[in-house]
Amino acid sequence: MVLINLGVSQNFIDEDFVEKKNLKTKGFEGFIVFNANGKLTLVDHIIERFGVRLQSYTMRKKFYIYPLKEHPHII
């Protein structure tokens, strides 16, 4: 499941989905995400080039690993 949000500045992919699919990640210095529930989350892993296909359109972007929990798997 994918959530398309035209107002976001970064792309995120669920950490459990990444682990389940055994996707290759890379660590980096990281940044803090301020969540809607008021909690802070450190994001310090990335998939440098991940393809998402929506009908006939495929986008290849970098995705930051984030604990999205359940759905959607990608924002």
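Before any of the text, the structure's been laid out above.
Residues numbered from 1 in each chain as written. Predicted model: local features only at pLDDT ≥ 70, side-chain atom pairs only at ≥ 80, totals over all residues. Heavy atoms only, no water.

## Let's talk about the pattern of salt bridges
Then step 1. Taken as a whole and assessed by the stated rule, the structure comprises one salt bridge.
Then step 2. Note that Lys-26 is salt-bridged to Glu-48, the shortest N-O span being 3.4 Å. Of this pair, Lys-26 sits in strand E2 (residues 26–34) while Glu-48 sits in strand E3 (residues 40–54), and the two are 22 residues apart along the sequence.
Then step 3. When its relative accessible area of 46% is taken as the criterion, Lys-26 is described as partly exposed. (Salt bridge = Lys/Arg side-chain N within 4 Å of Asp/Glu carboxyl O. Helix = DSSP H or I, 4+ residues; strand = E, 2+ residues; numbered from the N terminus. Buried < 20%, exposed > 50% of the residue type's maximum accessible area, 1.4 Å probe, protein only.)

## Overview of the sheet that holds strand E1 (residues 12–14)
Then step 1. Taken together, four strands build an open sheet; the order of strands is E1-E4-E3-E2 and the sheet is mixed. The sheet is open, and its two edges are formed by E1 and E2, each paired on a single side. Between one strand axis and the next, the sheet turns through 50° on average, direction left out of account.
Then step 2. Of the pairings in the sheet, the one linking E2 to E3 comprises six bridges and is antiparallel in character. Among the inter-strand pairings, Phe-31 is bridged to a residue of E3, identified as Val-43. (Pairing = 2+ DSSP bridges. Axes fitted to C-alpha atoms, helices over the stretch in contact; angles between N-to-C directions.)

## Things to note about the nonpolar core
Then step 1. Ile-13, Phe-17, Val-18, Ile-47, Phe-50, Val-52, Phe-63, Ile-65 and Ile-74 form the largest nonpolar core, which has nine residues in total.
Then step 2. Residue assignment for this core shows that the elements contributing at least two residues are helix H1 (15–20), E3 and strand E4 (57–66).
Then step 3. Looking at this core, the element that brings in the most residues is E3, giving three residues.
Then step 4. Residues within four places of Ile-13 in sequence aside, it is in contact with Val-18, Leu-23, Ile-47, Phe-50, Phe-63, Tyr-64, Ile-65, Tyr-66, Leu-68, His-73 and Ile-74. (Core = buried A, V, L, I, M, F, W, Y, C linked by side-chain atoms within 4.5 Å. Contact = heavy atoms within 4.5 Å.)

## A few points about the environment of Arg-53
Then step 1. Its place among the elements puts Arg-53 in strand E3.
Then step 2. On the accessibility criterion, Arg-53 (63% relative accessible area) is exposed.
Then step 3. Considering only alpha carbons, one finds Arg-53 and Thr-25, 28 residues apart in sequence, at a separation of 20 Å.
Then step 4. At a separation of 2.9 Å, a polar atom in the side chain of Arg-53 contacts the main-chain carbonyl oxygen of Gln-55. (Polar contact = N/O pair within 3.5 Å; in protein donor to acceptor, adjacent residues only side chain to side chain.)

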